[in-house]
Amino acid sequence: MAGRGTPATALLAKQRIAHTLHSYDHDPRHDSYGLEAAEALGLAPERVFKTLVAEVDGALAVGVVPVTAQLDLKALAAALGGKKAKMAVVADAERATGYVAGGISPLGQKKRLPLVLDDSANGFETIFCSAGRRGLEVELSPADLATLTKAVLAPIAAA
(Lines give C-alpha, C1' and ligand atoms only; values in the text may rest on other atoms or scores of the structure.)
Protein backbone atom coordinates (compact mmCIF):
# COMPACT_ATOMS: atom_id res chain seq x y z
CA MET A 1 0.00 0.00 0.00
CA ALA A 2 2.78 2.46 0.83
CA GLY A 3 4.12 2.07 -2.71
CA ARG A 4 1.02 3.47 -4.38
CA GLY A 5 1.06 7.17 -5.12
CA THR A 6 -1.61 9.72 -4.32
CA PRO A 7 -2.56 12.98 -6.01
CA ALA A 8 -0.48 14.72 -3.32
CA THR A 9 2.66 12.70 -4.06
CA ALA A 10 2.11 13.11 -7.80
CA LEU A 11 1.91 16.90 -7.40
CA LEU A 12 5.11 16.98 -5.33
CA ALA A 13 6.94 14.88 -7.93
CA LYS A 14 5.61 16.94 -10.86
CA GLN A 15 6.64 20.22 -9.21
CA ARG A 16 10.00 18.73 -8.12
CA ILE A 17 9.47 19.79 -4.52
CA ALA A 18 11.90 18.36 -1.96
CA HIS A 19 9.95 16.08 0.37
CA THR A 20 10.16 12.82 2.29
CA LEU A 21 7.36 10.29 2.64
CA HIS A 22 6.85 8.52 5.96
CA SER A 23 4.49 5.57 6.28
CA TYR A 24 3.19 3.76 9.32
CA ASP A 25 0.58 1.12 10.08
CA HIS A 26 -2.69 2.94 10.66
CA ASP A 27 -4.71 1.68 13.64
CA PRO A 28 -8.44 2.25 12.95
CA ARG A 29 -9.10 2.22 16.72
CA HIS A 30 -6.92 5.28 17.40
CA ASP A 31 -8.84 8.40 18.52
CA SER A 32 -6.87 10.95 16.50
CA TYR A 33 -5.36 10.45 13.05
CA GLY A 34 -2.85 13.25 13.57
CA LEU A 35 -1.70 12.24 17.04
CA GLU A 36 -1.44 8.65 15.81
CA ALA A 37 0.91 9.82 13.04
CA ALA A 38 3.06 11.78 15.51
CA GLU A 39 3.28 8.82 17.89
CA ALA A 40 3.91 6.21 15.19
CA LEU A 41 6.66 8.28 13.57
CA GLY A 42 8.19 9.49 16.86
CA LEU A 43 7.62 13.16 16.08
CA ALA A 44 6.91 16.22 18.18
CA PRO A 45 3.16 16.64 17.63
CA GLU A 46 3.58 20.39 17.06
CA ARG A 47 5.32 19.55 13.75
CA VAL A 48 2.46 17.35 12.52
CA PHE A 49 -0.37 19.29 10.90
CA LYS A 50 -3.93 18.19 10.21
CA THR A 51 -6.03 19.30 7.27
CA LEU A 52 -9.56 20.35 8.18
CA VAL A 53 -12.28 21.35 5.75
CA ALA A 54 -14.69 24.05 6.86
CA GLU A 55 -17.41 26.15 5.31
CA VAL A 56 -16.72 29.89 5.27
CA ASP A 57 -19.77 31.97 4.34
CA GLY A 58 -21.21 28.92 2.57
CA ALA A 59 -18.09 27.99 0.55
CA LEU A 60 -15.63 25.22 1.40
CA ALA A 61 -12.17 26.19 2.63
CA VAL A 62 -9.26 24.43 4.29
CA GLY A 63 -7.49 25.10 7.58
CA VAL A 64 -4.16 23.40 8.33
CA VAL A 65 -3.25 23.40 12.03
CA PRO A 66 -1.01 21.41 14.39
CA VAL A 67 -2.58 18.15 15.56
CA THR A 68 -2.27 19.43 19.14
CA ALA A 69 -4.64 22.33 18.40
CA GLN A 70 -8.19 22.98 17.32
CA LEU A 71 -9.14 25.05 14.29
CA ASP A 72 -10.28 28.53 15.35
CA LEU A 73 -13.23 28.96 12.99
CA LYS A 74 -13.54 32.72 13.56
CA ALA A 75 -9.85 33.19 12.78
CA LEU A 76 -10.19 31.03 9.65
CA ALA A 77 -13.12 33.11 8.42
CA ALA A 78 -11.25 36.35 9.14
CA ALA A 79 -8.12 35.12 7.33
CA LEU A 80 -10.24 34.51 4.23
CA GLY A 81 -12.18 37.76 4.51
CA GLY A 82 -15.34 35.96 5.61
CA LYS A 83 -17.76 36.40 8.47
CA LYS A 84 -18.85 32.94 9.60
CA ALA A 85 -17.28 29.51 9.51
CA LYS A 86 -18.35 26.05 10.56
CA MET A 87 -16.88 22.61 10.06
CA ALA A 88 -17.86 21.05 6.74
CA VAL A 89 -19.94 17.90 6.49
CA VAL A 90 -17.47 15.00 6.12
CA ALA A 91 -19.06 13.77 2.87
CA ASP A 92 -18.74 17.26 1.36
CA ALA A 93 -15.08 17.47 2.42
CA GLU A 94 -14.32 14.06 0.93
CA ARG A 95 -16.14 14.85 -2.32
CA ALA A 96 -14.38 18.21 -2.79
CA THR A 97 -10.88 17.00 -1.91
CA GLY A 98 -10.99 13.49 -3.37
CA TYR A 99 -9.57 12.10 -0.13
CA VAL A 100 -11.13 10.18 2.78
CA ALA A 101 -11.37 11.72 6.26
CA GLY A 102 -8.19 11.02 8.19
CA GLY A 103 -6.25 11.07 4.94
CA ILE A 104 -7.17 14.48 3.53
CA SER A 105 -4.03 16.15 2.26
CA PRO A 106 -3.71 19.88 1.69
CA LEU A 107 -1.95 18.93 -1.57
CA GLY A 108 -3.44 17.58 -4.78
CA GLN A 109 -7.07 18.11 -3.87
CA LYS A 110 -9.65 17.41 -6.57
CA LYS A 111 -11.01 20.94 -6.27
CA ARG A 112 -8.58 23.70 -5.25
CA LEU A 113 -10.05 25.20 -2.10
CA PRO A 114 -8.87 28.39 -0.36
CA LEU A 115 -6.34 27.28 2.26
CA VAL A 116 -5.05 28.87 5.44
CA LEU A 117 -1.91 27.47 7.06
CA ASP A 118 -1.42 28.21 10.74
CA ASP A 119 1.52 30.58 11.06
CA SER A 120 3.15 28.33 13.70
CA ALA A 121 4.36 26.23 10.74
CA ASN A 122 7.00 28.88 10.08
CA GLY A 123 8.69 27.93 13.35
CA PHE A 124 9.93 24.68 11.80
CA GLU A 125 12.34 23.86 8.99
CA THR A 126 9.98 21.07 7.90
CA ILE A 127 6.49 20.03 8.88
CA PHE A 128 4.45 16.87 8.33
CA CYS A 129 0.97 16.58 6.84
CA SER A 130 -1.11 13.86 5.26
CA ALA A 131 0.15 12.63 1.92
CA GLY A 132 -3.38 11.62 0.93
CA ARG A 133 -3.89 8.33 2.71
CA ARG A 134 -4.24 7.20 6.31
CA GLY A 135 -0.82 5.96 7.37
CA LEU A 136 1.14 8.14 4.95
CA GLU A 137 2.66 11.50 5.89
CA VAL A 138 4.76 13.87 3.82
CA GLU A 139 7.54 16.00 5.29
CA LEU A 140 8.23 19.27 3.48
CA SER A 141 9.09 22.88 4.17
CA PRO A 142 6.22 25.16 5.24
CA ALA A 143 7.21 27.57 2.46
CA ASP A 144 6.82 24.86 -0.19
CA LEU A 145 3.45 23.82 1.24
CA ALA A 146 2.29 27.45 1.22
CA THR A 147 3.50 28.00 -2.34
CA LEU A 148 1.92 24.83 -3.75
CA THR A 149 -1.45 25.48 -2.09
CA LYS A 150 -1.43 29.28 -2.50
CA ALA A 151 -1.97 29.37 1.26
CA VAL A 152 -2.67 32.37 3.43
CA LEU A 153 -0.58 32.22 6.62
CA ALA A 154 -2.47 33.29 9.72
CA PRO A 155 -2.89 32.37 13.40
CA ILE A 156 -5.82 29.94 13.09
CA ALA A 157 -4.92 27.39 15.79
CA ALA A 158 -6.63 27.45 19.18
CA ALA A 159 -5.48 25.51 22.23
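Refer to the structure above for everything that follows.
Residues numbered from 1 in each chain as written. Predicted model: local features only at pLDDT ≥ 70, side-chain atom pairs only at ≥ 80, totals over all residues. Heavy atoms only, no water.

### Section: the overall build of the protein
Counting its regular elements, the protein contains five helices and ten strands. At 14 Å, the protein has a C-alpha radius of gyration in line with the 15 Å of a compact globule built from 159 residues. Taken along its principal axes, the extent of the C-alpha atoms in the protein is 40 × 30 × 30 Å. Counting across all 159 residues of the protein, residues that qualify as buried make up 45%. Put simply, 62% of the contacts in the protein that link residues at least 6 apart link residues at least 24 apart. Element-wise, carbon and sulfur atoms account for 53% of the exposed surface of the protein, whose accessible area totals about 8,000 Å². A gap of 10 Å separates the mean positions of the 17 positive and 17 negative side-chain charges of the protein. (Helix = DSSP H or I, 4+ residues; strand = E, 2+ residues; numbered from the N terminus. Rg over C-alpha atoms; globule rule 2.2 N^0.38 Å. Buried < 20%, exposed > 50% of the residue type's maximum accessible area, 1.4 Å probe, protein only. Contact = heavy atoms within 4.5 Å. Areas by Shrake-Rupley, 256 points an atom, 1.4 Å probe, with all protein chains shown as cover. Lys, Arg positive; Asp, Glu negative; His and termini not counted. Charge placed at Lys NZ, Arg CZ, Asp CG, Glu CD.)

### Description of the pattern of salt bridges
This model, assessed by the stated rule, comprises three salt bridges. With its nearest N and O atoms 3.1 Å apart, the salt bridge here joins R29 to D27. The exposure class of D27 is partly exposed, given its relative accessible area of 26%. A salt bridge links E139 to R47; the nearest nitrogen and oxygen atoms lie 3.5 Å apart. Residue E139 is located in strand β8 (residues 136–140), and its partner R47 is located in the loop between α2 (33–41) and β2 (49–56); the two are separated by 92 residues in the primary sequence. On the basis of relative accessibility, which here comes to 22%, the residue R47 falls in the partly exposed class. (Salt bridge = Lys/Arg side-chain N within 4 Å of Asp/Glu carboxyl O.)

### Things to note about unusual backbone geometry
Phi at R16 is positive, roughly 55 degrees, even though this residue is not glycine. Residue placement: R16 occurs in the loop between α1 (7–14) and β1 (20–23). On the accessibility criterion, R16 (77% relative accessible area) is exposed. Here K150, not a glycine, exhibits a phi torsion of approximately 55 degrees, which is positive. Of note, K150 is situated in the loop between α5 (142–149) and β9 (152–154).

### Points about α2
Among the residues of α2, those classed as buried are G34, E36, A37 and A38. Residues of α2 that are buried make contact with β8. After α2 finishes, the residue G42 shows a positive phi value of roughly 65 degrees.

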